[in-house]
Every structure is written in C-alpha cells, then in structure tokens.
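Observations on chain architecture
As a plain string of letters, each chain reads:
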Amino acid sequence: MSRVYNFSAGPAVLPEEVLQQAADEMLDYQGSGMSVMEMSHRSKVYDSIIKTAEADLRELMNIPDNYKVLFLQGGASQQFAMIPMNLMKHKKAAYIVTGQWAKKAFQEAQIYGEAVKVASSENETFSYIPDCSDLDIPEDADYVYICENNTIYGTKFQTLPNTKGHTLVADVSSCFLSEPVDVSKYGIIYGGVQKNIGPAGVVIVIIREDLITDDTLPGTPTMLKYKTHADAESLYNTPPAYGIYICGKVFQWLKKMGGLEAVKQRNEEKAKILYDFLDESKMFRGTVRKQDRSLMNVPFVTGDKELDAKFVKEAEAAGFVNLKGHRTVGGMRASIYNAMPKEGVEKLVAFMKKFEEEN
Ligand SMILES: *Cc1c(COP(=O)(O)O)cnc(C)c1O
C-alpha cells in the first residue's frame, strides 16, 4: 500500500487512523456481525453511533443547548435553497458574495425572494474579503448570508460581518472544525462534510431552535423543512448512515488531538510553513490579500501557465496530488485540511524549493 499526499479541495484527505479503524470494523462492527453499511438506522447499535457523533460534535464546538444539530443530505448546495425556504419570512435576505459558492447561494435565493447583494469581492476575482463592518443591510432582511471560508479562492472571514442584529447564516464547508467558533453568533452554521470531516453525502446543519418553524415558504417539500428533521432527530427517513459513522470517528480523532484549540494551532503551524515560503519565493506567489488568507485552502501561481502545468505534473509524479488550481484562478491550490499531516506540507515546500532551483 502506498498513500499519496492528497491536496484535493474536496472530497479530501481523511485521517489515516480513521480509515484504518473503519477498515477493521468493515465486516463486523463491534460484535454486531455486520457492517455499519448493512444495519438498520433504527437499530440500537446505530442509534448509539449517531447519538455519540452528535454529542462529540456538541462537545468539540461547545454548541449551546438551544441549537439543534442535523445530519442531512443533498450537499451544501441543497442548503442554498433550504435556507431561504425556511428563513425568508419577509422574502428578503442580504448576501455577501465572496466567491462562487456564495454567488450560487445568492442566485438560488433569488428564486424564493429578494436576495440583496450587500457586498462583493468579485471585482478582483474574489481575492479578498470586503469590509463588512458597516454594510447597508435592509431593515427587514431575514438573515445575512456568508461563505466563511472560500474554498476556491483561499480567503476567510477573520472577523464576522456586522449584521446589525440580523441572523447570521454561514456556509463553513471548508473550514468546519478547523478552529474554535462561537456558535451563539450564528443562526445557522452548515457545511458539507466532504471537505474537512468525512465522506461526501452528509451535510451538517447547526441551527438555533427559534429558526425551526412550520412557517416555511408555500410549497416547501417535507424533506426540505428543518422542522421535519429536527423533530425526528435526523431520522425522519434513512440518513446517510455510513457517512455519519465516519464523521463520528473524525470527531473522536479531533477530541483525542486535544479539541479545536489544539487543531487550530496545528493548522496555523501548517499554513505558516507554506505561506512563509510563498512570501519569500521568487517563483511562486499566493493569490490573495494577506490578511484574508485561509488556513485551509492555499492558491498560488508562478505567473507562467506552462510552468504551472509543469509543476503540477512533476508534483504528481513525486506523490503530491490534486494541486491543480480551480479553472477561474489558474495555477495551483493546496488544500491543507485537518487531516493533512504537517509532514505533507513540509515535504511539499521542500519540493517547491527544489523545483524553483531547477527551473
Ligand atoms: C464544496 C463546497 C460547496 C458545495 O458542496 P456540495 O456538497 O457539493 O453541494 C459549497 N460551499 C462550499 C464553501 C464548498 O467548499
């Protein structure tokens, strides 16, 4: 067996320890005589898996009691519709557009009501986070929407926007569990797990209880009401059972590592190795404004498309895979999620240094 250093933006690297445990339990989960994939989601064994996963997530994120944790399907993209369907009581919401995922959410919301773009960084290829300290937010907006970490562009909100008392809704797909957060500042925190937590197919929604109501937009399907899933504790229908099981294992791995403070410190150390090199390199440079840099997604370029392509190709041959940047940015992107070991980043930088010397 040989594993590569996988810098994919998502689905992405998972902790080897978790994969190994899953392999060990594949045929017989803890004496049940079956795989987690084969068991009823209504069984006692599975109930313990999903309940433990929720309890561990609550502990890791210090989630207050007046928030529900929902394990849903449909990916982060389904939330682009579910959020307005459930929250747009006044048919109006404010969107801060800092990348393609925020833009897609903004466009989707326009189907359901008036989505107002209150800030954007599209004028400079989303390479920065706009000043959100004093935005013109409509009085009757039902919420303010952000994508907290912009996977494609490599920017992150270092401070949350001033919502002027409005409910904050955040897509945290690519920074989920990368550092501690104050959940009480948000109405909804949600993310697809395939970036930083688990296998594709699960989306986690952390939602303040007062936002869960029967008062959804007319025509909202039962499956797209938060209330349906909150009332049934994520077991209204068959949940993505195996995916939730893996997420639960990752939560335990994070707890063992010392929780999100320790995780943040580790992520900062890792990102610094790469950013410090980009800042001193004569060949490579980062593409985003320094103060807005993400700890998770690091886009960089040489400024020469052919050289970029050569780098990606040679890196792959050396065991550093999925470094090609998003087509709208070009160049390279290294996603260095929680499960990317520090050693992977150190070795990548050593490879970049060597490439710079030789080219
Ligand atoms: C990947 C990603 C999405 C889309 O996720 P799907 O689960 O494929 O719908 C949305 N938002 C962000 C920030 C992402 O990184």
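All of these numbers come straight from a predicted model, not from anything done at the bench.

Turning to the packing of aromatic side chains, a few remarks are in order. Evaluation of the coordinates by the stated rule reveals 16 aromatic pairs. Summarising the aromatic geometry, the rings of Phe284 and Phe311 are spaced 5.1 Å apart at their centres and angled 70° between planes, so their arrangement reads as edge-to-face. In this pair, Phe284 sits in the loop between helix H7 (259-280) and strand E11 (285-286) while Phe311 sits in helix H8 (residues 305-317), placing the two residues 27 residues apart along the sequence. For the pair Phe284 and Phe311, one class covers both residues: buried. Where Phe311 meets Phe355, the ring centres are 5.1 Å apart and the plane angle is 85°; that geometry is what we call edge-to-face.

All right, on to the pairing of strand E12 (residues 297-301) then. Summarising burial for E12: five of the five residues are buried, a large majority. The two faces of E12 match: Asn297, Pro299 and Val301 on one face and Val298 and Phe300 on the other face are all buried. Of the pairings in the sheet, the one linking E11 to E12 comprises two bridges and is antiparallel in character. Note that in E12 the partner of Arg285 across the bridge is Val301. Here E12 runs beside strand E14 (residues 332-335); their pairing, made up of four bridges, is antiparallel. When the bridges of E14 are listed, Phe300 appears paired with Met332.

Our focus in this paragraph is the site of the ligand. Near the ligand, the surroundings consist of Gly75, Ala76, Ser77, Phe80, Trp101, Cys147, Asn149, Thr151, Asp171, Ser173, Gln194 and Lys195. At a separation of 3.0 Å, an oxygen atom of the ligand approaches a polar backbone atom of Ala76. Contact distances for the ligand include 2.5 Å between an oxygen atom and a side-chain N or O atom of Lys195. Take the shell around the ligand: its biggest share by element is four residues, from helix H3 (residues 75-87). Tallied by class, the residues present in the shell around the ligand amount to four nonpolar, six polar and two charged.

This part is about the nonpolar core. Ranked by size, the top nonpolar core spans 90 residues in total, and within it Met61, Ile204, Ile206, Phe251, Phe284 and Phe311 carry the most contacts. When residues of this core are assigned to their parent elements, the largest contribution, ten residues, is made by helix H6 (residues 241-256). Both domains that furnish three or more residues to this core are identified here as domain 1 (7-15 + 259-358) and domain 2 (17-256). The contact partners of Phe251, leaving out residues within four places of it in the chain, are Ala53, Asp56, Leu57, Leu60, Phe71, Leu177, Ile197 and Ile204. Listed in part, the 35 residues of the second largest apolar core include Leu70, Ala93, Ile152 and Val169.

Let's shift gears to the environment of Ala109. One can find Ala109 in helix H4 (residues 100-109). In the structure, Ala109 is positioned 16 residues away from Ala93 in sequence and 8.2 Å away in space, judged by C-alpha atoms.

Running from N to C, helix H1 (residues 16-24) and H6 point in directions that differ by 135°, and their axes come no closer than 10 Å. By the angle between their directions, the pair H1 and H6 is classed as oblique. Between H1 and H6 the crossing geometry is right-handed. Taken together, the residues of H6 that come into contact with H1 (itself represented by Glu17, Val18, Gln21 and Ala22) are Tyr242, Tyr245, Ile246, Lys249, Val250, Trp253 and Lys256. Counted by class, the contact of H1 with H6 contains seven nonpolar, one polar and three charged residues.

The next subject is the domain arrangement of the protein chain. One can read the domain layout of the protein chain as domain 1 (7-15 + 259-358) and domain 2 (17-256). When each unit is reduced to the centre of its C-alpha atoms, the spacing between domain 1 and domain 2 is 26 Å. If you look at the interface, domain 1 gives 32 residues, while domain 2 gives 37 residues. Between domain 1 and domain 2 lies a buried interface of about 2700 Å² when both sides are counted; carbon and sulfur atoms form 59% of it. If you sort the residues of domain 1 by the area they bury against domain 2, Leu14, Pro15 and Leu260 come out on top, with a joint share of 27%. Along the contact surface separating domain 1 from domain 2 lie zero salt bridges. At the junction of domain 1 and domain 2, the tally comes to 18 residue pairs in polar contact (both at pLDDT 80 or more).

Across the sheet, seven strands lie side by side as E2-E10-E9-E8-E5-E3-E4; this open sheet has mixed pairing. Only two strands of the sheet have a single neighbouring strand rather than two, namely strand E2 (67-72) and strand E4 (114-120). Adjacent strand axes in the sheet meet at a mean angle of 20°, parallel and antiparallel pairs treated alike. Bridge analysis of strand E3 (residues 92-97) against E4 gives six bridges, and the strand direction is parallel. Directly across from Ile96, in E4, lies its bridge partner Ala119. Sitting on the sheet, H4 is in contact with E3, E4, strand E5 (144-147) and strand E8 (168-171), with an inclination near 160° to E3.

About the criteria used
- Residues numbered from 1 in each chain as written.
- Predicted model: local features only at pLDDT ≥ 70, side-chain atom pairs only at ≥ 80, totals over all residues.
- Heavy atoms only, no water.
- Phe/Tyr/Trp six-rings, centres within 6.5 Å; stacked < 30°, edge-to-face > 60°.
- Helix = DSSP H or I, 4+ residues; strand = E, 2+ residues; numbered from the N terminus.
- Buried < 20%, exposed > 50% of the residue type's maximum accessible area, 1.4 Å probe, protein only.
- Pairing = 2+ DSSP bridges.
- Near = heavy atom within 4 Å.
- Polar contact = N/O pair within 3.5 Å; in protein donor to acceptor, adjacent residues only side chain to side chain.
- Nonpolar A, V, L, I, M, F, W, Y, C, P; charged D, E, K, R; others polar.
- Core = buried A, V, L, I, M, F, W, Y, C linked by side-chain atoms within 4.5 Å.
- Domains from an automatic or database assignment.
- Contact = heavy atoms within 4.5 Å.
- Axes fitted to C-alpha atoms, helices over the stretch in contact; angles between N-to-C directions.
- Parallel < 35°, antiparallel > 145°, perpendicular 65-115°, else oblique.
- Left-handed = near helix turned anticlockwise from the far one by under 90°.
- Buried area = accessible area lost by both parts, 1.4 Å probe.
- Salt bridge = Lys/Arg side-chain N within 4 Å of Asp/Glu carboxyl O.

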